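# Examination of the molecular architecture
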Amino acid sequence: MLAQSSYIQCEDTCSHIHGIDLSHYQGSVFWETVGENSKMAYVYLKATEGGDRIDDRYEQNIELAHRYGLKVGSYHFFRPKSNLTLQLENFKTQCRPGDQDLIPMIDVESTGGLKPEVFCDSLLLFLKMVEDAYHQKPLVYSGRNFYNKYLQHKLDDYPLMIAMYGDEEPELEDGRDYLIWQYTSKGRINGVNGHIDKSRFMGRHSMREIRYRHR
């Protein structure tokens, strides 16, 4: 893994569009200070998990992130064995279209112990439900290894954020292009105590591709 100074140098010198994601794990965030860091253009906030969990910092975070100038999106942590309708309803209670600058993101990190084909069927059905509810395809977040093991050729219609921590850009075994690379879980930023996930757009990709389309 790169030393932290290497990431800072990238943010200071590169032309990539950088952003962060966070949840209640980061505790109180000084959004005014975060907003002053112009190198961070966007933030994805955890809204919900499974069928009944709500991130208790979400409402405050999204209000203040907007107030201090960041483009904001919301994400749901997918639980494959939880009822899909309950998961969607849970997400909809928090991820209100009028509050969104960026398309919804679905965080996919576990099969929940399901057989791969059952897991993939469940995930694809849920993604379609989210798409129907918000009238646009959600961004799918997953780790490179998890994607290569379970999701190859399954998500061709969906934009991707891929996590892999290190100094080399991740490659997906099916050759899929992806929009965003989450390159560290141990980033630092003024206004947030402790570590934070940082990401950046890849190559020619831009914020335009994840902009929320309001009807």
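Residues numbered from 1 in each chain as written. Predicted model: local features only at pLDDT ≥ 70, side-chain atom pairs only at ≥ 80, totals over all residues. Heavy atoms only, no water.

### A look at helix α4 (residues 84-94)
Applied cut-off: Only protein chains enter the area calculation, which uses a 1.4 Å probe; residues under 20% of their type maximum are buried, those over 50% are exposed, and those in between are partly exposed. Here a helix means four or more residues in a row that DSSP labels H or I, a strand means two or more in a row labelled E, and each is numbered from the N terminus. Of all possible arcs, the one meant is that of the directions from the helix axis to the C-beta atoms. The criterion used for residue contact is that any of the two residues' heavy atoms lie within 4.5 Å. Polar contact is the term for a pair of N or O atoms within 3.5 Å; when the atoms are in protein, one must be able to donate a hydrogen and the other to accept it, and sequence-neighboring residues count only if both atoms are side-chain atoms.
Restricting attention to buried positions, one finds in α4 the residues Leu 84, Gln 87, Leu 88, Asn 90, Phe 91 and Gln 94. Considered in projection along α4, the buried side chains sweep an arc of 160° and stay on one side of the axis. Taken together, the buried residues of α4 touch β2 (40-49), β3 (53-54), α3 (58-67), β4 (71-77), β5 (105-107) and α5 (116-134). Where α4 begins, the side chain of Asn 83 points an oxygen toward the backbone nitrogen of Thr 85, at a separation of 3.0 Å.

### Overview of the nonpolar core
This is how it is decided: Take the buried Ala, Val, Leu, Ile, Met, Phe, Trp, Tyr and Cys residues and link them wherever side-chain atoms come within 4.5 Å; each set so joined is a nonpolar core.
Membership of the largest hydrophobic core comes to 49 residues, with the highest contact counts inside it found for Trp 31, Val 43, Phe 119, Leu 151 and Leu 155. Ranked by residues supplied to this core, first place goes to α5 with 8 residues. The residues touching Trp 31, leaving out its near neighbours within four places in the chain, are Leu 22, Val 43, Leu 45, Asn 61, Leu 64, Ala 65, Tyr 68 and Leu 70. Counting 15 residues, the second largest nonpolar core, distinct from the first, contains Tyr 42, Tyr 75, Met 161 and Phe 201.

### Observations regarding the layout of surface pockets
Our working definition: A cavity here means a set of 1 Å grid points, computed over protein atoms only, where a 1.4 Å probe fits but cannot escape. A pocket is an open set with protein on both sides within 12 Å along at least 5 of 7 lines, and lining residues have an atom within 4 Å of a point. Grid points are joined across faces, edges and corners, and a volume is the space filled by probe spheres set on the points. Think of it as three bins: nonpolar holds Ala, Val, Leu, Ile, Met, Phe, Trp, Tyr, Cys and Pro, charged holds Asp, Glu, Lys and Arg, and polar takes everything else, Gly as well.
Roughly 400 Å³ of internal volume is contained in the largest pocket. Lining the largest pocket are 25 residues, and of these Asp 21, Tyr 75, Asp 107, Glu 109 and Asp 197 lie nearest its centre. Put simply, the parts of the chain that give the lining of the largest pocket at least two residues each are β1 (18-22), β2, β4, β5, β6 (139-143), β8 (180-187) and β9 (196-201). In terms of residue count, β6 provides more of the lining of the largest pocket than any other element does, 3 residues in total. When its residues are assigned to classes, the lining of the largest pocket shows 11 nonpolar, 7 polar and 7 charged.

### Some words on unusual backbone geometry
What you tend to see is this: most non-glycine residues have negative phi, and most peptide bonds are trans. Positive phi, normally seen in glycine, also occurs at His 135, with a value near 60°. By the element assignment, His 135 lies in the loop between α5 and β6. Phi angles above zero are rare outside glycine, and His 153 is one such case at about 65°. Checked against the element boundaries, His 153 lands in the loop between α6 (144-151) and β7 (160-163). Judged by relative accessible area, which is 55%, His 153 ranks as exposed.

### A look at the pattern of salt bridges
Note on pairing: side chains with opposite charge can pair once their charged atoms come close. Put simply, the rule reads: Note on definitions: salt bridges are taken to be side-chain nitrogens of Lys or Arg within 4 Å of carboxyl oxygens of Asp or Glu.
Taken as a whole and assessed by the stated rule, the structure comprises 10 salt bridges. Between Lys 46 and Glu 49 there is a salt bridge; the shortest N-O distance is 2.6 Å. Of the two residues, Lys 46 and Glu 49, both sit in the buried class. Taking the shortest distance from any N to any O, the salt bridge between Arg 53 and Glu 49 comes out at 3.2 Å. Residue classification places Glu 49 among the buried residues on the basis of a relative accessible area of 8%. Salt bridges sharing common partners tie together Lys 46, Glu 49, Arg 53 and Arg 79.

### Section: the pairing of β2
Applied cut-off: Two strands pair under a simple rule: DSSP has to find at least two bridges between them.
Most of β2 is tucked away, with 9 of its 10 residues classed as buried. Bridge count for β2 against β4 is 7 bridges, and the pairing is parallel. Residue pairing across strands places Tyr 44 opposite Gly 73, the latter belonging to β4. In terms of strand pairing, β2 meets β3 through 2 bridges, oriented antiparallel. Counted as the bridge partner of Thr 48 is Ile 54 from β3. Counting the residues between successive antiparallel strands, the hairpin from β2 to β3 contains 3 residues, one of them, Gly 50, with a positive phi of roughly 60°.

### Examining the packing of aromatic side chains
Each aromatic ring pair is characterised by the separation of its centres together with the angle its planes make. Operational definition: What counts as a ring pair is set by centres within 6.5 Å for rings of Phe, Tyr and Trp (its six-membered ring), and what kind of pair is set by the plane angle: stacked under 30 degrees, edge-to-face over 60, tilted for all other angles.
Scanning the model with the defined rule gives 7 aromatic pairs in all. Aromatic pair Tyr 42 and Phe 201: ring centres 5.6 Å apart, planes at 80°, arrangement edge-to-face. Of this pair, Tyr 42 sits in strand β2 while Phe 201 sits in strand β9, and the two are 159 residues apart along the sequence. Residue classification places Tyr 42 among the buried residues on the basis of a relative accessible area of 0%.

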